[in-house]
Amino acid sequence: MSPEKKAHANDNRWFRLDNAAKIYPPIRSARRAGVFRVAAVLKAPVNPETLQKALNVTLSRFPSFNVRMRKGLFWYYFEHNPNGALVTPEKAPVCRPVDLRETKGYLFRVSYYGCRISLEIFHAIADGTGAMIFLKALVYNYLALSGAPVEADEEILDGQMSVAGGEVEDSFLKYYNENRKAGRAEETAYQMKGTRLPPGYVRITQGIIPVEPFKALAKEAGATLTEYMAALLILAVYESQLKGRGHKNPVKVSVPVNLRNFFPSGTLRNFSSYINVGLAFNGEEADFDAILSAVREQLRNDATKEKLIEKIGANVSAERSPFMRVTPLFMKNLALKTAYNLYGERLVTTTLSNLGVVGVPESMREHINRFEFLLGAPRRNTFSCAVCSFGGQVTVSFTRVVEETDIERFFFRYLAKKGLDVTIESNYGALL
Amino acid sequence: MKYCKKCAVSVNTRHDYCPLCAAGLFDKSGADSGTLMPDGGELYPSDGESQTYNLTLRIFAFITLAGVLTCVLINILTYTGMLWSLLVAAGTAFLWAAVGYPFIARKNIGHHILMDAVAACVFFVVAQFVIKTKGWSLDYVVPFLFIAATTLISFVILVKRMKWREYAVYQFMTIVLGVLPVVSVVAGLVEIRWPSIVSAFYSFITLLGMFIFGDKKYKSELIKRFHF
């Protein structure tokens, strides 16, 4: 019997790390936390006591979050964490590494600031989709406990529904086909120059944009929002650093893909892949339409079941190779760390992660202002970009680790010039 | 709420200057939403980093390393057929494993017992090689070291029964190591065979005991730790 199927006896329950999760513990460091954030901004200030109660209720419903990480001889694993997680006031910097002493072994942090409830989570536990489902359940429980007349629907995993086995499965293994593996060779991407901020400093710029006009704008160009934004980011990199000179390495944007949209899976753990799109500039004038059509073609070409199965195949077969399996953990860690430093972030200029529309029951809508999605500080890249939308608004969040604001400025000015109504929020230069 | 004419964007958090272009902002109707994050969200020292510089540790590391290297140099300059500096190096390494390592990495005691046993084995094998006497280390010392380590961990498990899970894994690993001297018997590296065979036998008996006395939890603990 696989460990994932042991439904009762919570204390003995344990999980292997899923295929995508396995890279995060070895590469984790003070400057590369592997942490991202999903947050809900409510319409009233958050009450810490109620939030704590809501977290207790929620956590018991999510066994794959209610864990601590342990070292085995060959792999890390998760086991039930009996300590109970605590909510804390939000403390900067955003997406700082999870301090296991502070969280009592939990690999996430639930914090509050003003009207916002934030879930910052180590990527080994879940991907953006999984984390958002946890957050929605947390917000639902919070609202219910504060006496709001909210009703759960299929969007919310509340205590009424028992835990389905599929919620904690490693879907990569399920859809892995050992005969189909993609090659890994990929060209190094252009890395942006910039004045690095001191360690621990992260600057956030969020743009809040009405979704309908934004979508219409993308549609007019024959693209989806993600395609449009990816192309706009590439244009921003070109305009700020490559205009008139070009570079031998292409500007590439890594676009995470939610595999649940391609393969039926209800897992709350990692089940996403990514597609790297981009093009090289040779010094000639670049225009947005050309970039957009290149990006669109690459994305549509690669976001197919067949191509994604090959990507899953490459990763799972590496994990399941007999040699890899019997190598002791400390040697795996060394190898994975080295490989990630050599390839990993070097293959992309930045990341654009779009979580899409966050769906909640009608009864919850009036209590929520918006949802936010933020990526942690990159190490070699200079910024990342994360997007989600709710209630007719898209929130585009830039996380940067350099002084220069060139990318955000170009990005938002471009959209404003196209007639969109952009509202900026930032932690940089704010008056206290 | 404020407005940046240059960027043509509204600014909702409390700023005097545009967060995008640093131009002055103009007032716009509507209240702002205060600060995006506490303390501006960026001004926090990363407290992890300042603690990583351990001066005492570095002094000891420097002294021992410099000492060993000095010995190697003297040994080479005055070489008379004996590589005694190797013995100094192995002894220093053993001291680090036995004294230094527990200070740096506060692992559980089973882990340290295991490390000490391995480090001591290395030391005695090197010593034998340096002094060029015949096979006492592999014949006697190594098997009895593993017997001692296994016994010690069994003892710890008996005393700290509440935390047996933490130690069981190291117990299992010392048992595996305890069987290894048999390899040297098969390979013909030892002349006196009985200690190696006793070590393997003792490991086997301990393993038997662990399976008989261990409950289901113990077995699932082993599965967790050794899954591959």
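Worth saying up front: this structure is predicted, and the values here are computed from it rather than measured.

> Which residues make up the confidence of the model for chain A, and what values go with them?
Chain-level statistics for chain A give a pLDDT mean of 91 and a share of 96% at 70 or above. Confidence drops under pLDDT 50 across residues 1–9 of chain A; counting only partners more than four residues distant or on other chains, this segment forms nine contacts.

> Can you lay out a positive patch on the surface for me, pointing to particular residues and giving the numbers?
All names here are of chain A. The grouping of Arg31, Arg196, Arg346, Arg379 and Arg380 at the surface amounts to a positive patch. Topologically, arginine 346 is positioned in the loop between α11 (329–342) and β11 (350–357). The class of arginine 346 is partly exposed, set by a relative accessible area of 31%.

> How would you sum up the interface of chain B and chain A? Please name residues and give values.
How big an interface is tends to be reported as the loss of accessible area on association of its parts. Taken residue by residue, the interface counts 41 residues in chain B and 50 residues in chain A. In total, chain B and chain A occlude about 4200 Å² of area from one another, counting both sides; carbon and sulfur atoms represent 57% of this. At the boundary of chain B with chain A, the tally comes to one salt bridge. For Lys224(B), the salt bridge is made with Glu79(A), and the minimal N-O distance between the two is 2.8 Å. The tally of links between chain B and chain A comes to twelve residue pairs in polar contact (both at pLDDT 80 or more). For the side of chain B that touches chain A, the secondary-structure elements that each account for two or more residues are β2 (9–11), α1 (47–51), α6 (164–179) and α9 (216–226) of chain B. When the residues that make up the side of chain B that touches chain A are grouped by side-chain class, the tally is 17 nonpolar, ten polar and 14 charged. Summarising the sheet, strand β15 (residues 423–426) of chain A and β2(B) pair through two bridges and their orientation is parallel. Each residue of the ladder has a partner; that of Ile424(A), found in β2(B), is Val11(B).

> Got a sec to walk through α6(B)? Specific residues and values, please.
Residue and element names in this part refer to chain B. With 16 residues, α6 should cover 22 Å at 1.5 Å per step; its first-to-last C-alpha distance of 22 Å lies within 8% of that length. Those residues of α6 that sit buried are Trp164, Tyr167, Ala168, Val169, Tyr170, Gln171, Thr174, Ile175 and Gly178. The secondary structure elements touched by the buried residues of α6 are α4 (109–131), α5 (136–159), α7 (181–186), α8 (194–213) and α9.

What counts and how
Residues numbered from 1 in each chain as written. Chains lettered and ligands numbered in written order. Predicted model: local features only at pLDDT ≥ 70, side-chain atom pairs only at ≥ 80, totals over all residues. Heavy atoms only, no water. pLDDT = per-residue confidence, 0-100. Contact = heavy atoms within 4.5 Å. Patch = residues over 30% accessible without salt bridge, like charges linked within 9 Å, V, L, I, M, F, W, Y side chains within 5 Å. Areas by Shrake-Rupley, 256 points an atom, 1.4 Å probe, with all protein chains shown as cover. Salt bridge = Lys/Arg side-chain N within 4 Å of Asp/Glu carboxyl O. Lys, Arg positive; Asp, Glu negative; His and termini not counted. Charge placed at Lys NZ, Arg CZ, Asp CG, Glu CD. Helix = DSSP H or I, 4+ residues; strand = E, 2+ residues; numbered from the N terminus. Buried < 20%, exposed > 50% of the residue type's maximum accessible area, 1.4 Å probe, protein only. Buried area = accessible area lost by both parts, 1.4 Å probe. Polar contact = N/O pair within 3.5 Å; in protein donor to acceptor, adjacent residues only side chain to side chain. Nonpolar A, V, L, I, M, F, W, Y, C, P; charged D, E, K, R; others polar. Pairing = 2+ DSSP bridges. Expected span 1.5 Å × (residues − 1).

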